Structures are given as C-alpha cells and as structure tokens.
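Okay, here's what each chain looks like letter by letter:
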Amino acid sequence: LLWQAALGCRVAQVLMQYCILANHYWFLVEAIYLYKLLIGAVFSEKNYYRLYLYLGWGTPVVFVVPWIAAKYLKENAEVGCEGWGCCALCACALSPPPQINLLIFMRILKVILAKLRANQKGYADYKLRLAKATLILIPLFGIHEVVFIFATDEQTTGILRYIKVFFTLFLNSFQGFLVAVLYCFANKEVKSEMKKKWQLWKLDH
C-alpha cells in the first residue's frame with residue numbers, strides 16, 4: 001500500500017512537471033504563430049501545424065523523460081516521494097520560452113507601432129491602441145514569466161517568496177480565463193455572432 005502511494009505521488013509529480021513545461025512551450029507556439037501572421041512575407045505558405053504540435057507537446061517530453069530515468073535509477077530504492085518535486089532539468093527548460101517570447105513580443109510591438117504610425121490620420125489615438133495591444137499580448141505570451149525567471153526560490157525568502165508564489169499561482173491559474181475573455185468574449189465578431197445566436201434562439205422559443 002505504501003509503495004502504491006509512492007508510485008501515485010511520483011506519477012502526479014511527473015504529470016505536473018510535464019504540464020508546466022507544456023504550458024510554457026505553448027506560450028512560445030502562440031508567439032511564433034502570431035509573429036508568422038504579422039510577418040507573413042518572411043515565411044513560406046507551408047503549413048506549420050504539425051511543427052507547432054511537436055513544439056508544444058513534444059518538447060516537454062525531451063526534458064521530462066531523462067529526468068524520470070535519472071530519478072528512477074538514482075532514487076528507486078527510496079519508497080517515498082521525496083526529491084521528485086524538483087526538476088532541475090525542467091527548471092532549465094523553462095527559461096528559453098519566456099525569453100524568446102519577450103524578443104518576439106518586442107518585435108511585434110515594433111511592427112504594430114509602425115503600422116499605427118503609418119495610419120496616424122486614421123488612428124489619432126494610436127498610443128492608446130499600442131498600450132491596449134501591449135496589455136492584451138502580455139497574458140497571451142506569458143511575458144509575466146520573465147520576471148520570475150530571475151527571482152528563483154533560492155533568491156527569494158520571507159515575504160518576497162510568498163508574493164512570488166501568489167502571483168505565479170494566480171496568473172497561471174487565471175491565464176486561460178484572461179485569454180478567453182480578451183480574445184473570445186471581448187471580441188466584436190464573437191459578440192456579434194453570440195448576439196445573432198441569442199436572437200435566433202429567442203425566435204425559436
């Protein structure tokens with residue numbers, strides 16, 4: 001029974017590490033996809049859908065599997081689950097996506113700013129539009145993760161650690177909700193379609 005509990009704990013830790021990595025690498029996929037849409041002339045018309053799937057779901061496996069093997073060979077004698085909650089290899093794998101996303105984020109803002117400036121007569125409030133675009137892109141790209149890369153658990157103690165944990169858990173938990181609100185429910189086309197569906201439903205009932 002104790003062995004089964006330890007096995008379940010280890011499986012849960014592995015799944016958690018994989019999901020954390022997959023979350024960060026899908027941030028990267030979203031950033032690359034949006035950049036491809038804005039800078040379409042640089043890329044060919046080839047469909048990158050399968051590549052996106054490999055990058056988002058496959059890359060975490062590259063880091064998680066060696067970690068599992070190392071933990072199994074080194075700590076298989078231990079009955080408990082101690083030591084399985086910290087993946088140094090996975091922690092290293094978390095660093096590149098936010099940093100790459102930050103570079104893509106800055107590049108996209110530069111493109112948006114150039115397009116807004118080119119149409120200043122049509123968009124007198126282009127600075128406000130740029131600020132809005134910036135705030136909308138932050139949760140989509142996970143730019144907030146860049147701040148926490150440098151604030152590691154070893155460097156944060158006391159109140160600072162609690163603040164870091166709170167913001168990390170809050171943003172990671174509600175990020176999907178924020179993206180859904182900003183890109184779906186707050187979208188004019190989506191609201192228009194929902195309004196049409198609602199009117200049709202009222203006519204039918």
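Quick caveat: nothing in here was measured; it's all calculated off a predicted structure.

I'd like a rundown of the UniProt feature "transmembrane region" (unreviewed entry) in the chain, residues and numbers included.
Within the UniProt annotation, "transmembrane region" (unreviewed entry) is assigned to residues 25-44, 51-69, 130-151 and 163-186. The distance from the first to the last C-alpha atom of residues 51-69 is 26 Å, and the span holds 100% helix and 0% strand. Its end C-alpha atoms 30 Å apart, residues 163-186 is made of 96% helix and 0% strand.

Report on the packing of aromatic side chains, specifying residues and quantitative values.
Evaluation of the coordinates by the stated rule reveals 4 aromatic pairs. Pairing Tyr 25 with Phe 63 gives two aromatic rings, centres 6.5 Å apart and planes at 20°, and the pair type is stacked. Of this pair, Tyr 25 sits in helix α1 (residues 2-38) while Phe 63 sits in helix α2 (residues 49-75); the two residues are 38 residues apart in sequence, bridging distant segments of the chain. The class for Tyr 25 is buried, based on a relative accessible area of 6%. Relative to Trp 57, the ring of Trp 26 lies with its centre 5.5 Å away and its plane at 65°, an arrangement referred to as edge-to-face. Pair noted here: Trp 26 is in helix α1 and Trp 57 is in helix α2, with a separation of 31 residues, a long-range link. Assessed through its relative accessible area of 22%, Trp 26 is described here as partly exposed.

Hey, could you go over the nonpolar core for me, with residue numbers and the actual values?
In terms of nonpolar packing, the biggest core is built from 13 residues, with Ile 104, Phe 105, Ile 108, Ile 112, Leu 137, Leu 140 and Phe 141 touching the most fellow members. Every element with two or more residues in this core is listed here: α4 (96-118) and α5 (126-141). Counting residues per element, this core draws most heavily on α4, which supplies 6 residues. Counting 9 residues, the second-largest nonpolar core is a separate cluster that includes Val 14, Tyr 18, Ala 22 and Trp 67.

An account of the confidence of the model for the chain is requested, with residue identities and associated values reported.
A residue-level look at the chain finds 74% of positions with pLDDT of 70 or above and a mean pLDDT of 75. Mean pLDDT across the elements of the chain bottoms out in helix α3 (residues 88-93) (66) and peaks in α2 (84).

So what about the environment of Arg 10? Which residues, and what values?
Its place among the elements puts Arg 10 in helix α1. Along the sequence, Arg 10 and Ile 68 sit 58 residues apart, while their C-alpha atoms lie 9.3 Å from each other.

Cut-offs and rules
- Residues numbered from 1 in each chain as written.
- Predicted model: local features only at pLDDT ≥ 70, side-chain atom pairs only at ≥ 80, totals over all residues.
- Heavy atoms only, no water.
- UniProt positions renumbered as here; feature names shortened; annotations may be inferred.
- Helix = DSSP H or I, 4+ residues; strand = E, 2+ residues; numbered from the N terminus.
- Phe/Tyr/Trp six-rings, centres within 6.5 Å; stacked < 30°, edge-to-face > 60°.
- Buried < 20%, exposed > 50% of the residue type's maximum accessible area, 1.4 Å probe, protein only.
- Core = buried A, V, L, I, M, F, W, Y, C linked by side-chain atoms within 4.5 Å.
- pLDDT = per-residue confidence, 0-100.

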